[in-house]
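# Geometric and topological summary
For reference, the chains in residue letters:
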Protein chains: 2
Amino acid sequence: MNFNQQLADYVGQVEAGIDRFLPPADERPTRLHTAMRYAMQGGGKRLRPVMALATAELFGAPADDALPAAMALECIHTYSLVHDDLPCMDDDDLRRGRATTHKAFDEATALLAGDALLTHAFVLLTVNYANRPAMAHALCRELAAAAGSRRLIGGQMEDLLAEKRTDVTAGDLDLIHLNKTAAMIEASLVMGGIVGGAETSTLDALRRIGRHLGLTFQIVDDILDATADTATLGKTAGKDAEADKTTYVKLHGIDTARRLADEQTAKAVRALAALPGDTAFLTALARKLTERKS
Amino acid sequence: MNFNQQLADYVGQVEAGIDRFLPPADERPTRLHTAMRYAMQGGGKRLRPVMALATAELFGAPADDALPAAMALECIHTYSLVHDDLPCMDDDDLRRGRATTHKAFDEATALLAGDALLTHAFVLLTVNYANRPAMAHALCRELAAAAGSRRLIGGQMEDLLAEKRTDVTAGDLDLIHLNKTAAMIEASLVMGGIVGGAETSTLDALRRIGRHLGLTFQIVDDILDATADTATLGKTAGKDAEADKTTYVKLHGIDTARRLADEQTAKAVRALAALPGDTAFLTALARKLTERKS
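### Quick notes on the overall build of chain A
Scanning chain A from terminus to terminus reveals 14 helices and 2 strands. For chain A, the C-alpha radius of gyration of 18 Å lies close to 19 Å, the compact-globule estimate for 294 residues. Counting only C-alpha atoms, chain A reaches 50 × 50 × 35 Å along its principal axes. Burial status across chain A gives 55% buried among its 294 residues.

Listed below in structure tokens is the structure:
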């Protein structure tokens with residue numbers, strides 16, 4: 001399979017996994033379960049679960065074996081978007097070209113659906129790896145740390161606080177995005193490695209690769225917000241400049257931001273080459289992240 | 001130690017555990033970590049962690065051994081209150097006699113602090129039982145199931161939906177509270193049992209006891225809302241009647257509600273008597289739950 005076929009295959013597994021691994025929409029409370037599915041079915045790149053599936057395969061695990069972990073990552077990512085879109089946060093009506101969850105349902109339902117997706121990630125890991133408790137524990141530990149107050153949520157909080165400041169430095173911005181964006185990308189690679197039975201030193205290498213890819217992803221996000229249009233992005237473009245938000249583009253300009261993204265990608269690609277197995281897919285994915293248009 | 005001394009001792013362990021098991025307030029993001037601590041330091045009965053500590057001790061575990069699990073339960077309970085108090089949910093300004101988290105901070109901070117407490121519960125379990133991965137897994141599994149869309153959050157959603165209906169039955173009300181209230185009380189006893197190394201059949205008995213105590217707790221809550229004043233309760237009294245909410249009191253009247261609570265307590269006390277070890281504390285706690293005035 002070439003890269004695009006392989007990517008489509010992984011994305012297909014994730015999309016099919018939504019139906020398989022989320023509570024049925026007709027199970028009470030049907031409104032809650034319908035909202036959880038609505039949020040998860042919003043499309044998107046499925047970057048985190050795809051990374052987990054591809055990494056597990058690198059270490060010889062059957063792709064299907066990593067699917068519950070991949071879905072858990074997507075549950076966490078999706079909950080963070082649902083809560084981030086709420087009126088008290090970014091107050092966004094549009095996500096991936098359609099109504100955000102609180103617009104399609106209501107605020108209380110979106111709040112609870114987000115809470116439920118966050119919790120469901122741990123249901124998925126503890127139930128589906130129950131016959132391998134040490135693996136289940138390692139997966140829960142990695143995901144909880146990545147999603148917690150020191151990483152994902154911490155990054156969101158620092159990001160909110162930075163919006164009110166005019167003295168945000170390049171160091172602050174890295175700190176925000178190492179937590180808000182890179183933490184979950186690191187966890188995606190590491191959890192794939194855990195399912196594949198990778199050694200501790202290899203998990204450390206995966207974590208470093210995730211860090212580089214996470215920074216790349218965020219820098220490119222900032223560039224796209226400044227240069228692409230809403231229709232292409234599937235979300236409101238130009239929001240950063242309108243809010244006078246400190247971004248890589250505002251701090252460094254488009255050209256330097258572009259160079260920083262390329263540097264991070266190059267580091268990730270070099271580290272990928274040092275891993276065992278066929279890293280062609282993950283390398284192509286890394287390149288695609290820095291070249292993406294939406 | 002008599003019951004009150006023992007209770008004060010357990011509550012003291014939990015209160016001291018807040019400082020020990022939550023991220024330091026001076027660690028970035030300080031606003032987030034301060035809000036998490038504020039929410040947890042609001043006092044309250046500490047019912048769930050006390051039950052976990054007492055149950056673990058019943059099976060011979062050192063009380064300290066159950067403390068991380070007890071704190072994880074309190075993190076989940078507290079997050080559910082923080083989110084429940086938000087304007088899009090119950091919109092409450094007062095909780096345990098002081099400002100709710102979104103009033104003391106702001107809505108975005110309260111939302112994220114709730115998310116972070118929920119996630120931190122799994123950080124606590126995975127980090128503090130790391131040298132016993134099978135136990136860590138069992139604890140995470142129990143907590144995730146109790147807190148998920150089919151139990152705690154499901155009960156909250158059904159409760160919200162019921163507020164808009166006039167045809168809520170006794171069966172509906174039991175379903176709401178078996179999930180909204182009893183699920184976490186069941187989990188408290190079961191997680192204490194897991195830390196204590198209890199057999200599966202004993203964990204099942206603990207779950208049934210938790211179910212009875214959870215229903216008792218909720219029925220008494222409804223009675224107190226209808227009969228006590230705001231100062232005694234430390235939260236706004238009479239809200240149920242004002243909202244014309246279906247409660248045990250509205251459905252059955254005060255006297256029958258009282259009898260139902262007593263029946264559930266009696267069932268719990270009988271089941272406690274069949275457990276091994278000295279169940280005097282848990283039995284006294286069960287009685288206290290049904291006789292409480294706030």
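### Regarding the interface of chain A and chain B
Taken together, the contacts link 44 residues of chain A with 44 residues of chain B. Per-class residue counts for the side of chain A that touches chain B are 27 nonpolar, 10 polar and 7 charged.

### Here we look at the relation of the copies chain A and chain B
With an RMSD of 0.0 Å, the fit of chain A onto chain B corresponds to turning through 180° and sliding 0.0 Å along the axis. In the structure described here, the two chain copies are related by an operation that fits a two-fold rotation axis. No C-alpha of chain A lies nearer the rotation axis than that of His137(A), which sits 2.6 Å from it. When the interface residues of chain A are mapped onto chain B, 100% of them again fall at the interface, so both copies present the same face.

### A few points about the nonpolar core
Grouped together as the largest cluster of nonpolar side chains are 194 residues, with contacts concentrated most on Leu125(A), Leu139(A), Leu143(A), Leu125(B), Leu139(B) and Leu143(B). Setting aside its immediate chain neighbours within four residues, Leu143(B) contacts Ala72(B), Ile76(B), Ala121(B), Leu125(B), Ala187(B) and Met191(B).

### A few points about the confidence of the model for chain A
Predicted confidence across chain A gives a mean pLDDT of 94, with 100% of residues reaching 70 or more. Across the assembled chains, the prediction reports ipTM 0.96 with pTM 0.96.

### A look at unusual backbone geometry
Across the junction of Arg28(A) and Pro29(A), the peptide omega takes the value -10°, indicating a cis bond. Following the sequence through the fold, Pro29(A) ends up in the loop between helix H1 (3-21) and helix H2 (30-40). In this structure, Arg46(B) is a non-glycine residue whose phi angle is positive, near 55°. In this structure, Arg46(B) sits in the loop between helix H2 (30-40) and helix H3 (47-58). Backbone geometry places Arg96(B), a non-glycine residue, at a positive phi of 50°. With respect to the element layout, Arg96(B) can be found in the loop between strand S1 (94-95) and strand S2 (98-99).

### Some words on the packing of helix H4 (residues 67-84) of chain A against helix H6 (residues 107-128) of chain A
Residue and element names in this part refer to chain A. Axis separation between H4 and H6 bottoms out at 8 Å; the angle between their running directions is 165°. Between H4 and H6, the angle falls in the class roughly antiparallel. Seen along the crossing, H4 lies across H6 with a hand that is left-handed. Contacts from Pro68, Ala69, Met71, Ala72, Cys75, Ile76, Thr78, Tyr79, Val82 and His83 of H4 reach H6 at Ala110, Ala113, Gly114, Leu117, Leu118, His120, Ala121, Leu124, Leu125 and Asn128.

### A word on the environment of Phe3(A)
Here Phe3(A) shows up in helix H1. Residues contacting Phe3(A), with those up to four places away along its chain left out, are Phe281(A) and Ala284(A).

### Comments concerning the packing of helix H10 (residues 200-227) of chain A against helix H13 (residues 248-273) of chain A
A pair of packed helices is captured by two measures, namely the crossing angle of their axes and the spacing between those axes. All names here are of chain A. Close contact between H10 and H13 brings their axes to 8 Å; oriented N to C, the two are set at 150°. Overall, the two elements H10 and H13 adopt an arrangement that is roughly antiparallel. Seen from above, H10 lies across H13 with left-handed handedness. Along the lines of polarity and charge, the residues of the contact of H10 with H13 split into 17 nonpolar, 4 polar and 4 charged.

### Some words on the environment of Asp262(B)
Within the secondary structure, Asp262(B) sits in helix H13 (residues 248-273). It is 20 Å that separates the C-alpha atoms of Asp262(B) and Asp172(B), two residues lying 90 residues apart in sequence.

Rules used throughout
Residues numbered from 1 in each chain as written. Chains lettered and ligands numbered in written order. Predicted model: local features only at pLDDT ≥ 70, side-chain atom pairs only at ≥ 80, totals over all residues. Helix = DSSP H or I, 4+ residues; strand = E, 2+ residues; numbered from the N terminus. Rg over C-alpha atoms; globule rule 2.2 N^0.38 Å. Buried ≥ 20, exposed ≤ 12 C-beta atoms within 10 Å, placed from the backbone. Contact = placed C-beta atoms within 7 Å. Nonpolar A, V, L, I, M, F, W, Y, C, P; charged D, E, K, R; others polar. Least-squares fit on C-alpha atoms with pLDDT ≥ 70 in both. Core = buried A, V, L, I, M, F, W, Y, C linked by C-beta atoms within 7 Å. pLDDT = per-residue confidence, 0-100. Axes fitted to C-alpha atoms, helices over the stretch in contact; angles between N-to-C directions. Parallel < 35°, antiparallel > 145°, perpendicular 65-115°, else oblique. Left-handed = near helix turned anticlockwise from the far one by under 90°.

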